[in-house]
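Structure at a glance
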Amino acid sequence: MMICCIQTLLLLGAQLALSIPNNFFYHDFRKGNGNKEIHFSGVKLHVDSAQPAVFAATGDNVTLPCRFWYEPELTSPREPRVKWSWQPAAGGHETDVLVAIGSRSRSFGEFRGRVQIRQDFPGDVALVMTNLMLNDTGRYHCEVVDGLEDKSTSIYLELRGVVFPYQHPRGHYHLSFLAAQQACEQQASTLATFSQLFQSWKEGLNWCNAGWLADGTVQYPMTRPRVPCGGDGLAPGVRSYGRRHLQLHRYDVFCFSSTLQGKVYYLQPSHTMNLTEAQQACQEDGAQVAKVGQLYAAWKLSVLDRCDAGWLADGSVRYPITRPRRNCGPSEPGVRSFGFPPPQHKHGVYCYKSGDELM
C-alpha cells in the first residue's frame, strides 16, 4: 500500500511539472503500454481537407487531400492511426479503404494495391488512388485517431463521364433494379447516381422514360416539358417516382460511363454485315464489337461523329452525332438509335480496341 501511494504521488508530481500557465499538460504513457497513446488536456487535434470534392475519370490517378495538426504544436512528432473509408454514391454502409500508422498501412477489398498514404510533409495523410474504376464514385472519410482524440473530414470523388438511358431489347419498362444493374455493367458502365443525372439534365439531357438510379429511385430528366411527360404545365427538372420495389417494379435505367481506355471506331468492309459477320469483322481487325457505354463515352468525351449506323455488342444499331446536319437525325447532338433490329439485317459495325491492343 505504501509503495502504491508513493507511485501515485510521483505521477501527480510529474503531471504538475509538465503544466504551463494556460493549464495545458499531456502525459505520454508510451513506456507503460507500448501503444504510444497520448492523453490530452488543452491540446487540440485538427483534421482538414484542402477541397470538398475531387473530379477525375476512370483509369486516372488521383489524390484526395487530408492533413492533421495539433494546437499548440507538439515538440515531438506523433504517429496517430489514420483510417480512410468510403461510402458509395448510392448510399449504404461505409467500407474500409485503408488503415495506416506511420509508414505501415493496409488496404482492403477492391482498393487493395490501388491506394496509399502520401506523407509528403508532417501531417500529410492524403489518399493516393490509382487506376480509378467506375464504382469508385462516392464520399471518402479521412479519420485521424490519437489516443482519446478522434477527428475526421470528408471529400467527395466524382467521375467525369456521360449518362445515357438504356432499355431492354424487348422495349420500355422491362428491367428490375438488379436487371438494370446487370444491363449497365454489360454495356461497360454502371448505374448513374442522382447527382450525375442532375448534371446531365443541366447539360441538356431530355428523356421522357423513367429509369432506375443507383439509390433505388426511379427518375427522368425533362428540359422541355410536354403533355405525355408529366404535363406541359410543370417546370423543367428531374421528375421522380421516388423509391420503388427493387424486385417487383420494372423500368428502364440510366447508366453512367466514363473515359475510354481505348478507341471506338466505325468499320465497314466492302459490304454491310449482319450481326454475326460484324462480330467476326471486329475480331479480324484485332478488336471487339463496341458496347453502348463505350460508344456514348466516345461520342461525349472523344467527340466521335459518324453519320453511319452500326452494330453494337448488345445487338442494337446506333450512330454518334456531335455536329447535327441534314440526313443525320434530329437537330441536337446525341447518339441516334435504330433499336434492336433482327440480327440478319445489314449494317456497318462500331468496334472497340483497348489501350493494350492499340500499342
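Numbering of residues starts from 1 in every chain and runs along the sequence as written. Thresholds applied to this predicted model are a pLDDT of at least 70 for local features of residues and 80 or more for the giving and counting of side-chain atom pairs; totals over whole chains, interfaces and linings are not thresholded and use all residues. Excluding hydrogens and water, the side-chain values take into account all heavy atoms of the structure.

This is how the line gets drawn: UniProt positions are given in the numbering used here, feature names are shortened, and annotations may be inferred rather than shown by experiment.
An unreviewed UniProt entry lists the protein under the name Hyaluronan and proteoglycan link protein 3, with Champsocephalus esox given as the organism. According to UniProt, the comment filed for the protein under the heading Sequence similarities (unreviewed entry) is "Belongs to the HAPLN family." Its UniProt record gives the protein the following Subcellular location (unreviewed entry) comment, quoted word for word: "Secreted, Extracellular space, Extracellular matrix".

With respect to the overall build of the protein
Here is the rule we go by: Secondary structure elements are defined from DSSP: runs of H or I of at least 4 residues count as helices, runs of E of at least 2 residues count as strands, and each element is numbered from the N terminus. Every accessible area reported is derived by Shrake-Rupley at a probe size of 1.4 Å, with residue values counting cover from the shown protein chains alone.
Across its full length, the protein carries 7 helices and 25 strands. Here the protein displays about 19,100 Å² of accessible surface, and carbon together with sulfur accounts for 52% of that area.

A look at unusual backbone geometry
For the record, the criterion: Only protein chains enter the calculation, and the probe is 1.4 Å; a residue is then buried if its accessible area is under 20% of its type maximum, exposed if over 50%, and partly exposed in between.
Of note, the amide linkage connecting E71 to P72 takes the cis form, showing an omega dihedral of -10°. Relative to the assigned elements, P72 resides in the loop between β6 (67–71) and β7 (81–88). Backbone geometry places Q119, a non-glycine residue, at a positive phi of 60°. Mapped onto the secondary structure, Q119 falls in the loop between β10 (115–117) and β11 (127–129). Classification of Q119 as partly exposed rests on a relative accessible area of 43%. With a phi angle near 50°, N131 is a residue other than glycine that sits in the positive phi range. Turning to its location among the elements, N131 is positioned in the loop between β11 and β12 (138–146).

Quick notes on the sheet that holds strand β8 (residues 95–101)
Heads up, the condition is: At least two bridges found by DSSP between two strands are what make those strands a pair. Note on definitions: angles span 0 to 180 degrees between N-to-C directions of axes, and those axes are lines fitted to C-alpha atoms, for helices only across the stretch in contact.
Across the sheet, which stays open at both edges, the 6 strands sit in the order β4-β13-β12-β7-β8-β9 with mixed pairing between neighbours. Because the sheet does not close on itself, it has two edges, and the strands there are β4 (53–56) and β9 (104–107). Between one strand axis and the next, the sheet turns through 20° on average, direction left out of account. Here 6 bridges tie β7 to β8, and the two strands are oriented antiparallel to one another. In the strand pairing of β8, W84 is matched with L98.

A few points about the state of the cysteines
Note the cut-off: Note on disulfides: each one is a pair of cysteine sulfur atoms within 2.5 Å.
Taken as a whole, this structure holds 5 disulfides when the rule is applied. The partner cysteine of C307 in its disulfide is C328, sulfur to sulfur 2.0 Å. One disulfide, between C307 and C328, carries an S-S torsion of -120° and so falls in the left-handed class. Remark: C328 occurs in the loop between β23 (317–321) and β24 (334–337) and C307 occurs in the loop between α6 (292–301) and β22 (310–311); sequence separation between them is 21 residues. Classification of C307 as partly exposed rests on a relative accessible area of 26%. Taken N- to C-terminal, the disulfide-bonded cysteines of the protein are connected 1-2, 3-6, 4-5, 7-10, 8-9.

Description of the environment of V97
Inclusion rule: In what follows, residue pairs with any heavy atoms lying within 4.5 Å of each other are defined as contacts.
Here V97 lies in strand β8. V97 sits 12 residues away from G109 along the chain, and the two C-alpha atoms are 7.5 Å apart. Once residues within four sequence positions are removed from consideration, V97 is found in contact with W84, S85, W86, R106, S107, F108, F111, V115, L127 and Y140.

Some remarks on the sheet that holds β11
Pairing is antiparallel across the open sheet formed by 3 strands, whose spatial order is β5-β11-β10. Where the open sheet ends on each side, the last strands, each with one partner, are β5 (62–64) and β10. Taking each pair of neighbouring strands and ignoring which way they run, the sheet shows an average axis angle of 25°. Judged from the 3 bridges that link them, β10 and β11 form a sheet pairing that is antiparallel. Each bridged residue has a counterpart across the sheet, and for Q116 the counterpart in β11 is V128.

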